[in-house]
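Structure assessment
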Amino acid sequence: MKENCFDTFSRLNTSLLLRFIMRKIASYRSNKCRLTVFLLITAFFFMILIAMYSCNGSLCLKAPDLTPVAYSDFEAFLQGKVLKHKFNISAIDRVFELDLEDRDILIYLHIQKTGGAAFGRHLVHNLDLTSKCMCEPEKKKCDCTTKNKKYWLLSRHSTGWVCGLHADWTELNDCVDEWFKKNEPPTRTQRRYHYITFLRNPVNRFFSEWQHVKRGATWKAVRLHCNGRDATLDEVPFCFSGPDWSGVSFEEFVSCQHNLAFNRMTRMLSNLSKINCYNKTNRNEKLAGEIMLKSAKENLLNFSFFGILEEQEKTQFLFENTFGIRFIESLKPKPITHVSQLNITRAMHDAVVDKTRLDIQLYQFAKDLFLQRVESMEAHLGYTVEDYFNSARNSAKKVEKVVPKEEEFPEENEETEEDDKQVQYPSKATVNALEPKAKR
């Protein structure tokens, strides 16, 4: 084996050093004090020499890592780290053989301001399928059914908000199966639902929602349906007294104690019946938050797939290889967002962190699960995400289809589109009946 220059140099130096040490020991034998000092100095240099060998030529004298050890997902988020969780193999290794012509149906849970609208459009415009969605210009909804008129996708851009505007897990779990039974041919006797969703850095998501509300969005037609009824205005009052909250300042937005933007991802992914829905009478909020977070994690583990807004390439890699379905055009992050143009102060950032503690913990849990799924898929396929996009994916036959560009889609107002009016699952009476009675 060829030895490097450092090894040769080290061996020569070691031989010369040993001869020098032996001569010095002999000369200092009569003076115990000088001999002791010499031996201590010699031991120190020997330690350096050993370190050089063990570090392959470097002294390994790096500055110590003074970053505090993260003992929780919340602390890890503040340090820009991701803690490692122990998941069952079944939660990591996810590969499904979909039969969208028969029993398999994708259920898209769309959480506000997570990049979900863009992903929802990709599902109807950008998938290479036998039963492609039929989309007409000027219409927000597409016909995503098979040749036998069976739905393969439930989402805002396919079926519309059939379970309520931005229906959460609690609402979808209560509504989905009944809706399909009423709206599909009786020949479909078996259904396998694949829940999918998108998540985003909680702090950025909160700022994005503030900006969206500031531009006029309210989502006041949401049903907040749980345990057989919609939430009342006494349980969830509005934060504004007019038709919307346009122009709201950050201080106002973050100060409204009933603001549904707080921990929105956790709330929308959890089983709210476990905390008595939106009824806060005699409720321990700390305990309720813990129950909600645990439930959201459990539900997310059972999702067939979820993506991370900040990980577009890995999200596409995981989706395509989990379901065996390719996107025609690759997913791309938006270069400029409303949040990226904000001047966010440290005080503003810290205020949001304090208000989104549950979402932060859920996001950290989800991100680790997501990354472990990516690593497992890479090991299963035998190549990395980078290799997949550089060669493996591109070697497949290219699909020819015109996919609408992202910039062709204006920002949508989910509350005013005619296609979004509730029919099967009406919202709280009507939007007009939901006018706020008191400003909170």
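Before reading further, recall that the structure is shown in the block above.
Starting from 1, residues in each chain are numbered consecutively following that chain's sequence as written. Whole-chain, interface and lining totals are the exception, using all residues; otherwise, since this is a predicted model, local features are given only for residues with pLDDT of at least 70 and side-chain atom pairs are given and counted only at 80 or more. With hydrogens and water set aside, each side-chain value is computed from the structure's full complement of heavy atoms.

1. Comments concerning the environment of alanine 392
Mapping alanine 392 onto the fold places it in helix H14 (residues 385–392). Residue contacts are defined here by distance: any two heavy atoms, one from each residue, within 4.5 Å place the two residues in contact. Dropping the residues within four chain positions of it, alanine 392 is found in contact with Tyr383 and Asp387. Put simply, DSSP H or I for four residues or longer makes a helix, DSSP E for two residues or longer makes a strand, and each gets a number counted from the N terminus.

2. A look at the nonpolar core
Counting residues in hydrophobic clusters, the biggest one holds 104 residues, and the most contacted among them are Phe119, Trp152, Leu172, Leu199, Leu269, Phe319 and Phe323. The leading source of residues in this core is helix H13 (residues 357–381), at 10 residues. The contact partners of tryptophan 152, leaving out residues within four places of it in the chain, are Leu100, Asp104, Ile105, Leu106, Leu123, Leu127, Leu129, Ser131, Cys133, Cys144, Thr145 and Thr146. Grouping buried Ala, Val, Leu, Ile, Met, Phe, Trp, Tyr and Cys residues that are joined through side-chain atoms within 4.5 Å yields what is termed a nonpolar core. Buried, partly exposed and exposed residues are distinguished by accessible area as a fraction of the type maximum, computed with a 1.4 Å probe on protein chains only: under 20%, between the cut-offs, and over 50%, respectively.

3. So, the state of the cysteines
Count a disulfide wherever a pair of cysteine sulfur atoms falls within 2.5 Å. Here the structure, examined in full by the defined rule, presents 5 disulfides. Disulfide pairing places cysteine 226 opposite cysteine 277 at an S-S distance of 2.0 Å. Looking down the S-S bond of the cysteine 226 and cysteine 277 bridge, the torsion is -70°, so its handedness is left-handed. Here cysteine 277 lies in the loop between helix H9 (264–269) and helix H10 (285–302) and cysteine 226 lies in strand E4 (residues 225–226), a separation of 51 residues in the sequence. Among the residues examined, cysteine 226 registers a relative accessible area of 3% and is labelled buried. Classification of cysteine 277 as buried rests on a relative accessible area of 8%. Between the sulfur atoms of cysteine 239 and its disulfide partner cysteine 256 the distance amounts to 2.0 Å.

4. Quick word on the packing of helix H11 (residues 312–323) against H13
To get an axis, fit a line to the C-alpha atoms, keeping to the stretch in contact for a helix; angles then go from 0 to 180 degrees between the N-to-C directions. Two elements in contact, H11 and H13, have axes separated by 10 Å at closest approach and are oriented at 55°. As judged from the angle between their axes, H11 and H13 are oblique. The interaxial crossing formed by H11 with H13 has left-handed handedness. Together, Lys314, Thr315, Phe317, Leu318, Asn321 and Thr322 of H11 and Phe370, Leu371, Arg373, Val374, Met377, Glu378 and Leu381 of H13 make up the contact between the two elements. When describing relative orientation, an angle under 35 degrees is termed roughly parallel and one over 145 degrees roughly antiparallel, while 65 to 115 degrees is termed roughly perpendicular and anything else oblique. The handedness criterion is simple: a crossing whose near helix is rotated anticlockwise from the far helix by less than a right angle is left-handed, and one whose near helix is rotated clockwise is right-handed.

5. Describing the pairing of strand E6 (residues 305–308)
Residues Phe305 and Gly307 of E6 are buried on one face, and the alternating residues Phe306 and Ile308, pointing to the opposite face, are buried as well. Relative to E6, strand E3 (residues 192–199) runs parallel, the two sharing 4 bridges. Looking at E6, one finds that phenylalanine 198 is bridged to glycine 307. Only strands that DSSP links by at least two bridges are regarded as paired with each other.

6. Regarding H13
The span you would expect from a helix comes to 1.5 Å times its residue count less one. Taking 1.5 Å as the rise per residue, H13 with 25 residues should run 36 Å; its terminal C-alpha atoms sit 36 Å apart, in good agreement. Following H13 by one or two positions, glycine 382 adopts a phi angle in the positive range, close to 90°.

7. Focus on unusual backbone geometry
For tryptophan 219, which is not glycine, the phi dihedral falls at a positive 55°. With respect to the helices and strands, the residue tryptophan 219 is situated in the loop between helix H7 (202–214) and E4. Look at cysteine 277: it is not a glycine, yet its phi comes out positive at around 60°.

8. Remarks on the packing of aromatic side chains
Given two aromatic rings, their pairing is described by the distance between the two centres and the angle made by the two planes. Note on aromatic contacts: the rings of Phe and Tyr and the six-membered ring of Trp form a pair at centre separations within 6.5 Å, being stacked when their planes are under 30 degrees apart, edge-to-face when over 60 apart, and tilted otherwise. Taken as a whole, this structure holds 28 aromatic pairs when the rule is applied. Consider the rings of tyrosine 151 and phenylalanine 180, whose centres lie 6.2 Å apart with planes at 70°: the pair is edge-to-face. In this pair, tyrosine 151 sits in the loop between helix H5 (116–125) and strand E2 (153–154) while phenylalanine 180 sits in helix H6 (residues 169–183), placing the two residues 29 residues apart along the sequence. Residue tyrosine 151 is classed as partly exposed on the basis of its relative accessible area, which comes to 21%. Pairing phenylalanine 206 with phenylalanine 262 gives two aromatic rings, centres 5.7 Å apart and planes at 5°, and the pair type is stacked. In this pair, phenylalanine 206 is assigned in helix H7 and phenylalanine 262 in the loop between helix H8 (250–255) and H9, connecting sequence segments 56 residues apart. This pair shows no difference in class: phenylalanine 206 is buried, exactly as phenylalanine 262 is.

9. Let's talk about the sheet that holds E6
Sheet architecture is open: 4 strands sit in the order E2-E1-E3-E6, paired in parallel fashion. Bordering the open sheet on either side are E2 and E6, each of which pairs with just one other strand. The strands touched by H11 are strand E1 (104–109), E3 and E6; relative to E6, the strand with the most contacts, the crossing angle is about 165°.

10. Some remarks on the pattern of salt bridges
Salt bridges are counted wherever a side-chain nitrogen of Lys or Arg sits within 4 Å of a carboxyl oxygen of Asp or Glu. The full count for this structure, using the stated rule, is 18 salt bridges. One salt bridge connects arginine 283 with glutamate 285, and the closest N-O pair in it is separated by 3.1 Å. Three or more residues joined by partner-sharing salt bridges are found here, namely Glu184, Arg188 and Arg191.

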